[in-house]
Amino acid sequence: MSRDISEHRKKLLEALFVAGRDNSNAAVMFHTAIGERLGVGMTEEKALDLLQRLGPLTAGELSKHTGLAPASVSGLIDRLEGKWLVRRTRDPKDRRRVIVEVNHEQLAGGAELFAPFVAGLTELYSSYSDEQLELILDFLDRATAIQRTCTAELTSSQ
């Protein structure tokens, strides 16, 4: 860190890095626990989350959204398909394309695992003004973009 910044700012930046790491660790542990309950690894659980939120995706689209290399995504889809959590289907608009979709029947009840977390976040969000929420959202969007870029760089160099 530069010497021209105040001690207060230095302490804030250090605390922000520590808080970010703590948040990341808590997220990894939470999603690992959720994955264990669902019988999948954390990467598989997050891929299922993307498919549930965004709808059916091609392997290439899933690669783009995760930042994972295409070969990694193919293996990921194979594992999820082997557990009947997703299925590959032909795109009805272009039969040459294969899309991956969630097998919702197999995931029935999974949403209940997230209910306490969603309730806690809802309560937390209610303590912030709209302006504060806009700032938090901006930070999260920008930090996520940085993390995706770094993930793509790590996976493309393999």
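Residues numbered from 1 in each chain as written. Predicted model: local features only at pLDDT ≥ 70, side-chain atom pairs only at ≥ 80, totals over all residues. Heavy atoms only, no water.

**Q** Give me the pattern of salt bridges: which residues, what numbers.
**A** This structure, assessed with the given rule, holds eleven salt bridges. In this structure, Arg 88 engages Glu 81 in a salt bridge whose closest nitrogen and oxygen atoms are separated by 2.4 Å. The class of Arg 88 is partly exposed, set by a relative accessible area of 33%. Ionic pairing is found between Asp 94 and Arg 96, a salt bridge with its closest N-O pair at 3.0 Å. The class of Asp 94 is partly exposed, set by a relative accessible area of 22%. Salt bridges sharing partners connect three or more residues here, namely Lys 46, Asp 49 and Arg 53. (Salt bridge = Lys/Arg side-chain N within 4 Å of Asp/Glu carboxyl O. Buried < 20%, exposed > 50% of the residue type's maximum accessible area, 1.4 Å probe, protein only.)

**Q** Any details on a nonpolar patch on the surface? Residues and values, ideally.
**A** Where nonpolar side chains cluster on the molecular surface, the patch consists of Leu 16, Leu 124, Tyr 125, Tyr 128, Ile 136, Phe 139 and Leu 140 and spans about 640 Å² of accessible area. When contributions to the nonpolar patch are tallied by element, the ones reaching two or more residues are helix H5 (110–125) and helix H6 (130–156). A per-element tally of the nonpolar patch places H6 first, with three residues. On the basis of relative accessibility, which here comes to 48%, the residue Leu 16 falls in the partly exposed class. (Patch = residues over 30% accessible without salt bridge, like charges linked within 9 Å, V, L, I, M, F, W, Y side chains within 5 Å. Areas by Shrake-Rupley, 256 points an atom, 1.4 Å probe, with all protein chains shown as cover. Helix = DSSP H or I, 4+ residues; strand = E, 2+ residues; numbered from the N terminus.)

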